[in-house]
Amino acid sequence: MHVWKFGGTSVGKPDRMQSIRNLVTAAADRKIVVLSALSGTTNSLLAIGEQLKVNNTIEATQLIDTLYHHYQAFINELYKTPGGLSLGQEIIDKEFSFIRSLAGISPFTLKQEKELVAEGEILSTQMFTAYLEECGDSVVLIPALDYMSIDADNEPEFIAIEEKLTQLLVPQAEKQIIVTQGFICRNPRGEIDNLKRGGSDYTASLIGGAVKAEEIQIWTDIDGMHNNDPRIVKRTFPVRELTFEEAAELAYFGAKILHPSTITPAKMRGVPVRLKNTMEPAAPGTVITASQSVNAEIKAIAAKDNITAIYIHSTRMLNAYGFLRKVFDVFEKFKTPVDMITTSEVSVAVTIDNSEHLESITKMLSQFADLEEHDRNQTIICIVGNFLADKSGIALRIMKALKNVPLRMISYGASEHNISILVDSKHKNEALEALNESLFDFDNK
Ligand code: ADP
Ligand code: ASP
Ligand code: MG
């Protein structure tokens, strides 16, 4: 079994949906096809939700009408037969009547917002399945809401997902293509929920791990993981091979091509992940496996924004063992992960990307420590590669490249494949560009 995931741009236009049908039906292997919402839809649904939260029903209805017209035009072009079109019409009419019914609920709560935002993937998968049926393909839709679940900490329930999905697949043994929704799931209350923005990648990996797929392919709009963020840096190139660890670091530290948690289930089950370009299917993309990279080289750079740095000083000057434990107990209590940490004799600096509980965290820390004013709007720049063989010299190359950028924190040595640097976000672009020009050999690309 193969698992192929197509992102928003890959399904965002009728001819693209037709192209991905050609891709998935070309090879003989059975496939689970995970789809995102059509590009722009999740943002539109969230915008509708924002209006409904503040009771702007008229504005929300206008946005719903615009979105409906987009879907009407889409299905008019997608389907080639009257039968196909009437199936497509039924799908969009049914889902939009549900969306309109949500718009009538007051107060509009988080529960309704999650039901609303799930409609993007519910629409795209039904439309795609109906298109494959119109083409006479062997296809079935298995709803993600029947097997994809998260626990009270919003973590996927891997074992339960595996069991449920395996059972659901048994009666579908004859089907060549199984379509399912990315992103959406159920929470412990049985309500509709999701795996956070970009979560369809995570769905694909959870499924790939659960069915022990031969390969998970993430199809998007670029030819694999690039050495740096192509939205910011001028000269980037695709990295052909990454280890699970390297890819996980890049995804966690901001490479948007992958949801931050994508690699975990694939790595757990040893399933290779391949990143492919829908616009250029013949391009090799990037393959991510367990094999250790032999090259002593810097592979890629990623950057994660919206970081807050907290500076904590022990009030007991000496022998303050136990201080770090007390500090981390506070972050644990508020379920807030710490990304970077640096220490001196009596001080600790940590970074967090979720500042939801910042006020409570600082209040509790203040009970046993002195806090400096924290810094918001920071960016972690993460340099990923194999630094074992190249230990001497690598830090120097990085520091030299960043000689004009003020550095807030540096983390080096915790892993053999990650060096992290904290800078004020206003210096992010120049730092990425400077590192790019100094650390990569463009002549051999
Ligand atoms: P999809 O809708 O298919 O999930 P995304 O927009 O989530 O696609 O991810 C693909 C985008 O990620 C690319 O178009 C690119 O702009 C961005 N991106 C950011 N960092 C990287 C990187 N290091 N390598 C490749 N793409 C990256
Ligand atoms: N549609 C969702 C989003 O836009 C999930 C995804 O595309 O992966 O975030
Ligand atoms: Mg994405």
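Residues numbered from 1 in each chain as written. Chains lettered and ligands numbered in written order. Predicted model: local features only at pLDDT ≥ 70, side-chain atom pairs only at ≥ 80, totals over all residues. Heavy atoms only, no water.

Novice: Summarise the packing of aromatic side chains; cite the residues concerned and give the values.
Specialist: The full count for this structure, using the stated rule, is nine aromatic pairs. Look at Tyr79 and Tyr131: their rings are 6.4 Å apart centre to centre, the planes differ by 65°, and that puts the pair in the edge-to-face class. Of this pair, Tyr79 sits in the loop between α4 (57–78) and α5 (82–103) while Tyr131 is found in helix α6 (residues 110–134), placing the two residues 52 residues apart along the sequence. For the pair Tyr79 and Tyr131, a shared accessibility class is recorded, and that class is buried. Both rings, one in Phe323 and one in Phe368, keep their centres 6.1 Å apart while their planes meet at 80°; by these two values the pair is edge-to-face. Here the residue Phe323 occupies a position in helix α11 (residues 323–333), and Phe368 occupies one in the loop between α12 (358–365) and β14 (369–371), the gap between them amounting to 45 residues. Each member of the pair Phe323 and Phe368 is classed as buried. Here the aromatic cluster, defined as three or more aromatic residues joined through ring pairs, consists of Trp4, Phe6 and Trp219. Of note, Lys31 hangs over the ring of Trp4, and the distance from its end group to the ring centre comes to 4.7 Å. (Phe/Tyr/Trp six-rings, centres within 6.5 Å; stacked < 30°, edge-to-face > 60°. Helix = DSSP H or I, 4+ residues; strand = E, 2+ residues; numbered from the N terminus. Buried < 20%, exposed > 50% of the residue type's maximum accessible area, 1.4 Å probe, protein only. Lys NZ or Arg CZ within 6 Å of the ring centre and 35° of its normal.)

Novice: Describe in detail the site of ligand 1, supporting the description with residues and values.
Specialist: Around ligand 1 sit 15 residues, and of these Lys5, Thr220, Asp221, His226 and Lys256 come closest. Within the side chain of Thr220, one N or O atom sits 2.7 Å away from an oxygen atom of ligand 1. Between ligand 1 and His226, the relevant distance is 2.8 Å, taken from a nitrogen atom to a main-chain nitrogen or oxygen of the residue. When ligand 1 sits alone it has 570 Å² of accessible area, and the protein chains cover 86% of it. Counted by class, the shell around ligand 1 contains four nonpolar, six polar and five charged residues. (Near = heavy atom within 4 Å. Polar contact = N/O pair within 3.5 Å; in protein donor to acceptor, adjacent residues only side chain to side chain. Areas by Shrake-Rupley, 256 points an atom, 1.4 Å probe, with all protein chains shown as cover. Nonpolar A, V, L, I, M, F, W, Y, C, P; charged D, E, K, R; others polar.)

Novice: Give me helix α2 (residues 14–26): which residues, what numbers.
Specialist: With 13 residues, α2 should reach 18 Å at 1.5 Å per residue; the first-to-last C-alpha distance of 18 Å fits that figure. Taken as a whole, α2 has its buried residues at Pro14, Met17, Gln18, Ile20, Arg21, Leu23 and Val24. (Expected span 1.5 Å × (residues − 1).)

Novice: Go over α5, please, and point to the residues and values.
Specialist: Taking 1.5 Å as the rise per residue, α5 with 22 residues should run 32 Å; its terminal C-alpha atoms sit 31 Å apart, in good agreement. For α5, the full list of buried residues reads Gly84, Gly88, Ile91, Ile92, Glu95, Phe96, Ile99, Leu102 and Ala103. One side of α5 carries all its buried residues, which in axial view fall inside an arc of 120°. Residues of α5 that are exposed and angled more than 90 degrees away from the buried face: Pro82, Glu90 and Lys94. Where α5 is buried, its residues meet α3 (41–53), α4 and α6. (Arc of directions from axis to C-beta. Contact = heavy atoms within 4.5 Å.)

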